[in-house]
Amino acid sequence: MTTFPAPDTSSVHIGVLAVQGDVREHIRTVEALGGRASAIRRPSELAGIDGLIIPGGESTAIDKLTRAFDLAVPLQELIASGLPVYGSCAGMIMLADAIADPATDLQGRPQQTLGGLDIVVRRNAFGRQRESFETELEFSGLPPDSSGKVQPVHAVFIRAPWVERVGPSVEVLAQVPAQTVDLTGQHPDAGRVARIVAVRSGNLLATSFHPEVTGERRIHELFMQMIVRRTVDHVGAL
Ligand SMILES: NC(=O)CC[C@H](N)C(=O)O
């Protein structure tokens, strides 16, 4: 088996969309991994970033404020140009091409997303009894520890979405097993359907849960490696 050294992520500069949500936790995680992180509140601050994180929070608020601060169009252009973006929870909703059950404002207009990721998400999907829960998840693509095993991810879900449909380009990285989805047995699919909670497609990565609040760093590390590999590919292509 050939192994490759993990790419050096220390020179990576990541912007964290900072209109609402748990911005500080993402900044701390990137910094703990040796990267540089800065809060993004205006379009000029997007210059020079190598990747972007859209935090957890409230997707309706993130949507409204992103548009109010004239960030939505530049962000959509950056996503289309291949900028690596990681969205956690509300951030996953913002990256989804479609929401199964979008909220509407007082005028009846549905919330919008930035899009880019060919998935349909359902907001607050785990139901009242399961609004917040924690579980251990198998997550593809993480490196083994010193014992040669890939340890599960301790995942915290807070009024989390699940991914209801994925397009052909989308790789599923983690699912909540059917037995965990609804322990109350009230959901019609209870005990029958595993739910997708982490995906990757090209330069876009999204999780329904919040690695930034548990001290879990491997998801951010994976994202930083996506950034470095892309930079290397780009330089190689010149
Ligand atoms: N923890 C979260 O990010 C919750 C997401 C929230 N339920 C939403 O729809 O935006």
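Residues numbered from 1 in each chain as written. Predicted model: local features only at pLDDT ≥ 70, side-chain atom pairs only at ≥ 80, totals over all residues. Heavy atoms only, no water.

Right, let's get into the site of the ligand. Taken together, Gly56, Gly57, Glu58, Ser59, Cys89, Ala90, Ile93, Arg123, Asn124, Ile158, Arg159 and His210 make up the full set of residues near the ligand. Between the ligand and glycine 57 there is a distance of 2.9 Å, counted from an oxygen atom to a backbone nitrogen or oxygen. A distance of 2.9 Å is found between a nitrogen atom of the ligand and a backbone nitrogen or oxygen belonging to isoleucine 158. Per-class residue counts for the shell around the ligand are four nonpolar, five polar and three charged. (Near = heavy atom within 4 Å. Polar contact = N/O pair within 3.5 Å; in protein donor to acceptor, adjacent residues only side chain to side chain. Nonpolar A, V, L, I, M, F, W, Y, C, P; charged D, E, K, R; others polar.)

This next bit is on the confidence of the model for the protein. Here the protein averages 91 in pLDDT, and 89% of its residues register 70 or above. In the model output, the complex is listed with pTM 0.92 alongside ipTM 0.96. (pLDDT = per-residue confidence, 0-100.)

Among the nonpolar cores identified, the biggest contains 38 residues, and Phe126, Phe139, Phe157 and Phe209 are the most heavily contacted of them. Looking at this core, the elements that each hand over two or more residues are β1 (13–17), α1 (23–32), β7 (132–137), β8 (153–158), β10 (171–176), β11 (195–201) and α6 (218–237). Sort the elements by how many residues they give to this core and α6 lands first, with seven residues. Leave out the neighbours within four places in its chain, and phenylalanine 157 touches Phe126, Glu131, Ser132, Phe133, Thr135, Leu137, Val176, Val197, Ser208 and Phe209. Counting 31 residues, the second largest nonpolar core, distinct from the first, contains Leu83, Ile99, Ile119 and Val121. (Core = buried A, V, L, I, M, F, W, Y, C linked by side-chain atoms within 4.5 Å. Buried < 20%, exposed > 50% of the residue type's maximum accessible area, 1.4 Å probe, protein only. Helix = DSSP H or I, 4+ residues; strand = E, 2+ residues; numbered from the N terminus. Contact = heavy atoms within 4.5 Å.)

It is worth spelling out helix α2 (residues 59–68) at this point. The complete set of buried residues in α2 reads Ser59, Ile62, Asp63 and Thr66. The buried residues of α2 occupy one face: seen down the axis, they fall within an arc of 100 degrees. Pointing more than 90 degrees away from the buried face of α2 are the exposed residues Lys64 and Ala68. Elements in contact with the buried residues of α2: β1, β3 (51–54), α3 (72–80) and α4 (90–95). Following α2 by one or two positions, aspartate 70 has its phi on the positive side, about 55 degrees. (Arc of directions from axis to C-beta.)

Quick look at the packing of aromatic side chains now. The final tally for this structure, using the stated rule, is seven aromatic pairs. Seen from their ring centres, phenylalanine 133 and phenylalanine 157 are 4.6 Å apart, and the 5 degrees between their planes marks the pair as stacked. Here phenylalanine 157 lies in strand β8 and phenylalanine 133 lies in strand β7, a separation of 24 residues in the sequence. The exposure class assigned to phenylalanine 133 is buried, which follows from its relative accessible area of 6%. For the pair phenylalanine 139 and phenylalanine 209, a centre-to-centre distance of 6.3 Å together with 90 degrees between the ring planes defines the contact as edge-to-face. Of this pair, phenylalanine 139 sits in the loop between β7 and β8 while phenylalanine 209 sits in the loop between β12 (204–207) and α6, and the two are 70 residues apart along the sequence. (Phe/Tyr/Trp six-rings, centres within 6.5 Å; stacked < 30°, edge-to-face > 60°.)

Below, the discussion takes up the pattern of salt bridges. For the structure on display, the rule yields seven salt bridges. Among the ionic pairs, arginine 42 bridges to glutamate 45, the shortest N-O distance being 3.4 Å. Owing to a relative accessible area of 27%, glutamate 45 belongs among the partly exposed residues under this scheme. Linking glutamate 58 and arginine 123 is a salt bridge whose minimum nitrogen-to-oxygen distance equals 2.9 Å. Highlighted residues: glutamate 58 in the loop between β3 and α2 and arginine 123 in the loop between β6 (117–122) and β7, separated in sequence by 65 residues. (Salt bridge = Lys/Arg side-chain N within 4 Å of Asp/Glu carboxyl O.)

So, about the UniProt feature "binding site: L-glutamine" (unreviewed entry) in the protein. Following the UniProt record, the feature "binding site: L-glutamine" (unreviewed entry) maps to Gly57, Glu58, Ser59, Arg123, Ile158 and Arg159 here. A maximum C-alpha distance of 12.8 Å is found for the annotated residues, which run over 103 residues; spatially they form one tight group. Secondary-structure assignment places glycine 57 in the loop between β3 and α2. Setting aside its immediate chain neighbours within four residues, glycine 57 contacts Gln20, Gly21 and Ala90. Once residues lying within four places of it in the same chain are set aside, the contact partners of arginine 123 are Glu58, Ser59, Thr60, Ile93, Ile99, Asp101, Ala103, Gln111, Ala160 and Pro161. Looking at arginine 123, its side chain comes within polar contact range of the side chain of serine 59, at 3.4 Å. (UniProt positions renumbered as here; feature names shortened; annotations may be inferred.)

Another point: the pairing of β12. Side chains on a regular strand alternate between the two faces of the sheet. Side chains Leu204 and Ala206 of β12 all project onto a buried face; the interleaved residues Leu205 and Thr207 project onto the opposite face, where all are buried too. As judged from the four bridges shared by strand β4 (residues 85–88) and β12, these two strands associate in the parallel manner. Bridge pairing links tyrosine 86 to leucine 205 in β12. Relative to β12, β11 runs antiparallel, the two sharing four bridges. Looking across to β12, one finds that alanine 198 is bridged to threonine 207. Counting the residues that bridge the hairpin from β11 to β12 gives two residues, and of these glycine 202 lies at a positive phi of roughly 55 degrees. (Pairing = 2+ DSSP bridges.)

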